[in-house]
Amino acid sequence: MAAEVLAGLTIETVSWDHPDAVRLRAEQQREIDLRYAEPGAPSNDDGLPVPDGRDQVDPSNVFATLLLRVDGEPAAHAAARDLSGRDDYRGGRHPEGTGEVKRVYVAPGFRGRGLSRTLMEAVEDVARAAGVRHLVLESGLMQPESLGLYLRMGYDPVESFGVFSDEPGSRCFGKWLVPGPDGEPARQEGGGSSPVVELREVPWVDPDAVALRRAMWDFHQERYPEMARDVAARGGHEAVDAERGRSALATFLATVDGRPAGCATLAAAQAGPEHLTADPLRGVAGLVAASAAGPVAAADSRGFEMRGVFVDPAVRRAGVATALVRQVEAEARRRGGLALFLGTGIRQPEALRLYVGLGYRPVLPYPPHDTPDDPLLLFLAKPL
């Protein structure tokens, strides 16, 4: 048994069936069952949701089980298993050198101390030593704290895999530990001098803004072909664009050297600052109950939504996206906003890095997305 000592904290490598590890996993399962409880779902004699037994871990595939103690008390648990060559439940196999993080859990009394990051860093070290090149994990929309941790640690969304790959509320992430020919893509963060970005508010029907939104739709069709059917069913891009325009409060156009470079829009949100601290243990049923009274006007909720942030690929890395986000935030504050929400796709890691870097963090799905049925979105927000 190996142990690392860090000022009253120890991280031990233990067996999968170690009593403390078993107990912490049981506590985690109870919490997960509560978070993902749906209205009308069956419950046991204690009134708790019936556990989902699909995600059973075969101990023979686990190459590390880590137990974190604080002053001798078991405080957190995580494990890592080998997925190389195994079924990904999407019609393929995981590549060689793929490992998966499982059962990351910090007991409630020890939260808020950064233990989850410390534990994840230990998992990465163990996985690297075991020859893992790509470390993946599965989480979900009802675990916004976990999603935030993974994004801050450099994990990017990946296509859903595993036994929950058909669940719309499931989200999967991956991080390259050992870059190679097919390893981590280059991160596009700054570098060089930036041209001056100019911003102005324009009508929704401004020709340059319309052209940029059309370019954004072309971009989305390429990355999200699943969207095409939905948009076609609603009358096509022009009809959907006109519909969105009716709820737009302000649209901003960015130019670089006088050339249209990007756009973004502010709209009313059906959620307010109270949603930033909504209790995920209330589960999906709690979200449904909270929105049962119908839409809430932004004037009442003090919540706004940022939509349609798009930058022409020819001028990216020039600070256009940051300038647009800052402008939308300023407009929301001017209108008395206390929270700004947004939804972005799992196939846009560059956008997620931008938002996380600007202080946005994952939140529970908010109306009208409060019954998480879109497997391609992540929801973020920021207090203003």
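Report follows, based on the coordinates.

The rules behind these values
- Counting from 1, residues in each chain are numbered in the order their sequence is written.
- It should be noted that, the model being predicted, local features are given only for residues of pLDDT at least 70 and side-chain atom pairs only at 80 or more, the latter also being counted only at that level, while totals for whole chains, interfaces and linings use all residues.
- Heavy atoms throughout the structure, all of them, feed into the side-chain values; hydrogens and water do not.
- Here, a salt bridge means any side-chain nitrogen of Lys or Arg that lies within 4 Å of a carboxyl oxygen of Asp or Glu.
- In this text, helices come from DSSP runs of H or I with a minimum length of four residues, and strands from runs of E with a minimum of two, each type numbered from the N-terminal end.
- Think of it in three bands: with a 1.4 Å probe and only protein chains considered, a residue is buried below 20% of the maximum accessible area for its type, exposed above 50%, and partly exposed in between.
- As used here, the term nonpolar core means buried Ala, Val, Leu, Ile, Met, Phe, Trp, Tyr and Cys residues forming a set that is joined through side-chain atoms within 4.5 Å.
- Each helix should span, by expectation, one fewer than its residue count multiplied by 1.5 Å.
- For Phe, Tyr and Trp, where Trp contributes only its six-membered ring, two rings pair if their centres lie within 6.5 Å, and the inter-plane angle classes them as stacked under 30 degrees, edge-to-face over 60, or tilted in between.
- The criterion for a charge sitting over a ring is simple: Lys NZ or Arg CZ within 6 Å of the ring centre, and within 35 degrees of the ring normal.

Structural notes on the pattern of salt bridges
Logical step 1: Under the counting rule described, the total for this entry stands at 26 salt bridges.
Logical step 2: Here Glu238 ties to Arg214 by a salt bridge, and the two come within 3.1 Å at their closest N and O atoms. Taken together, the residues Glu238 in helix 6 (residues 237–245) and Arg214 in helix 4 (residues 207–223) connect sequence positions 24 residues apart.
Logical step 3: With relative accessibility at 54%, the residue Glu238 sits in the exposed group.
Logical step 4: For Arg214, a relative accessible area of 32% gives the class partly exposed.
Logical step 5: A network of salt bridges, in which partner residues are shared, links Glu31, Arg35, Arg111 and Glu145.

Focus on the nonpolar core
Logical step 1: One finds Leu68, Met120, Phe341 and Tyr360 to be the most contacted residues of the largest nonpolar core, which totals 76 residues.
Logical step 2: In terms of residue count, the dominant contributor to this core is helix 2 (residues 115–129) (6 residues).
Logical step 3: Counting 8 residues, the second largest nonpolar core, distinct from the first, contains Leu212, Met216, Phe219 and Leu253.

Details of helix 2
Logical step 1: Along its 15 residues, helix 2 runs 21 Å from first to last C-alpha, staying within 8% of the 21 Å computed at 1.5 Å per residue.
Logical step 2: Among the residues of helix 2, Leu115, Leu119, Met120, Ala122, Val123, Glu124 and Ala127 are the ones counted as buried.
Logical step 3: Looking one or two residues past helix 2, Gly131 carries a phi angle of roughly 90°, positive in sign.

Remarks on the packing of aromatic side chains
Logical step 1: On inspection of all chains with the given rule, the structure shows 6 aromatic pairs.
Logical step 2: Ring geometry for Tyr150 and Phe173: centres 6.3 Å apart, planes at 45°, overall tilted. Residue Tyr150 is located in helix 3 (residues 144–152), and its partner Phe173 is located in strand 8 (residues 170–176); the two are separated by 23 residues in the primary sequence. The pair Tyr150 / Phe173 is uniform in exposure class, with both members buried.
Logical step 3: Pairwise contacts between aromatic rings join Tyr150, Tyr155 and Phe173 into one cluster.
Logical step 4: The ring of Trp16 is capped by Arg25, whose NZ or CZ atom sits 3.6 Å from the centre of that ring.
Logical step 5: Note that Arg316 overlies the ring of Phe219, its terminal NZ or CZ placed 5.4 Å from the centroid.

These results come straight from atomic positions and should not be treated as a statement about function.
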